[in-house]
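# Breakdown of the fold
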Amino acid sequence: MTGQTGFARALTVAGSDSGGGAGIQADLKTMQELGVFGMSALTAVTVQNSLGVHGVHPLEPAAVADQAEAVLSDIGADAVKTGMLFSSEVIEAVCDVLERYAVRRLTVDPVMIAKGGASLLRAEAVAAMVRRLLPMAEIVTPNVPEACALLGLPEDAIRDETDMADAARQIRLLGPEYVLVKGGHLGETEAETRTECADVLAGGSDLLRVLRSPFIPTRHTHGTGCTLSAAITAYRARGLAMEEAVRGAKDFVSKAIAYAVPTGGGIGSLWHAAHRRAE
Ligand SMILES: Nc1ncnc2c1ncn2[C@@H]1O[C@H](COP(=O)(O)OP(=O)(O)O)[C@@H](O)[C@H]1O
Ligand SMILES: Cc1ncc(COP(=O)(O)OP(=O)(O)O)c(N)n1
């Protein structure tokens, strides 16, 4: 724990984004910016840039598990997050290791589909995620389509904040202590008139909070979900209470979106050092 080592440590189990905006790259940048020593267990190499995902090269489940084992058995982690896991075999292998090390501060970002539409989780793996991973999670952070998939609902079933709150409560019944349903995708078609981005946090005994932030009118939003979940993980590694960690993470991601960089010819990426300018 932080007290024993004098510094906070966090492990991310996720895929590599060669474009640098999402995945392992976003996670490690975020952890570093928040003063946490970041470590990684790579699940897949994606061939990715601002125009989309052009290839996915998954690692063997044992190679993923071995990386996590190497980190946890020697260095340790005050908090862990999962991102792109790709297959049910990788989910099973990762859960075995997390169980063996009794990881409690676990953020699960149930990454399924990249903004360009590429699949980062096989359809068959959703069941393993629900059965094995969600019950171990301290917090799970689905966006609206991911929340629908976890609940087996049609992809347009969540339309407003009331639906988001209902979904958050239902996902809690699958086992995680907290659920944050992210609203970045709601109202995408009304971007000209949109004023805010609201996420719904449910958990604890009977906590239900709508977290609002100003909508930032930019197309350069690659890596929002990874950055938010990595920031929650970093703040939990530092020992912040969950609501405080989520609020801090939303603030961090908002600043990173406000100063996003137009990398490439497509959807540009967040600027993870933005919080330094804004301070
Ligand atoms: N244009 C935007 N302006 C402000 N906040 C945003 C914007 N887009 C997304 N967010 C915020 O970024 C975080 C990630 O949300 P979302 O984009 O829905 O996740 P994902 O990347 O997993 O699809 C949420 O806190 C959401 O409210
Ligand atoms: C390797 C990898 N992991 C996760 C994602 C998805 O990241 P996210 O933060 O949800 O951002 P978008 O892809 O939605 O912009 C990814 N693209 N690559």
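Residues numbered from 1 in each chain as written. Chains lettered and ligands numbered in written order. Predicted model: local features only at pLDDT ≥ 70, side-chain atom pairs only at ≥ 80, totals over all residues. Heavy atoms only, no water.

By the naming in an unreviewed UniProt entry, the protein chain is Hydroxymethylpyrimidine/phosphomethylpyrimidine kinase, taken from Paenibacillus darwinianus.

This paragraph deals with the nonpolar core. Core analysis: the biggest nonpolar cluster contains 49 residues, and L11 and I91 have the highest contact counts within it. Sequence-distant contacts of L11, defined by excluding residues within four places in its chain, comprise M31, M39, S40, A41, A68, V71, L72, A77, A79, V80 and K81. Among the nonpolar cores identified, the runner-up in size contains 28 residues, and Y178, Y235, L240 and A256 belong to it. (Core = buried A, V, L, I, M, F, W, Y, C linked by side-chain atoms within 4.5 Å. Buried < 20%, exposed > 50% of the residue type's maximum accessible area, 1.4 Å probe, protein only. Contact = heavy atoms within 4.5 Å.)

As a further point, take the site of ligand 2. Taken together, 17 residues surround ligand 2, and among them Q48, K115, H222, G225 and C226 come closest. A distance of 2.8 Å separates a nitrogen atom of ligand 2 from a polar atom in the side chain of Q48. With respect to ligand 2, the side chain of K115 contributes an N or O atom lying 3.1 Å from an oxygen atom. In the complex, the protein chains occlude 95% of the 420 Å² of accessible area that ligand 2 would expose alone. Of all the secondary structure elements, the ones that give two or more residues to the shell around ligand 2 are β1 (9-17), β2 (37-49) and α8 (224-237). Per element, the largest residue contribution to the shell around ligand 2 is 3 residues, and it comes from α8. (Near = heavy atom within 4 Å. Polar contact = N/O pair within 3.5 Å; in protein donor to acceptor, adjacent residues only side chain to side chain. Areas by Shrake-Rupley, 256 points an atom, 1.4 Å probe, with all protein chains shown as cover. Helix = DSSP H or I, 4+ residues; strand = E, 2+ residues; numbered from the N terminus.)

Attention now moves to the side chain of D199. Note on placement: D199 falls in strand β8 (residues 196-203). Side chain to side chain, D199 and K250 meet in a polar contact 3.3 Å long. Excluding residues within four positions of it along the chain, D199 makes contact with M164, L180, V181, K182, G183, R209, V210, L211 and K250.

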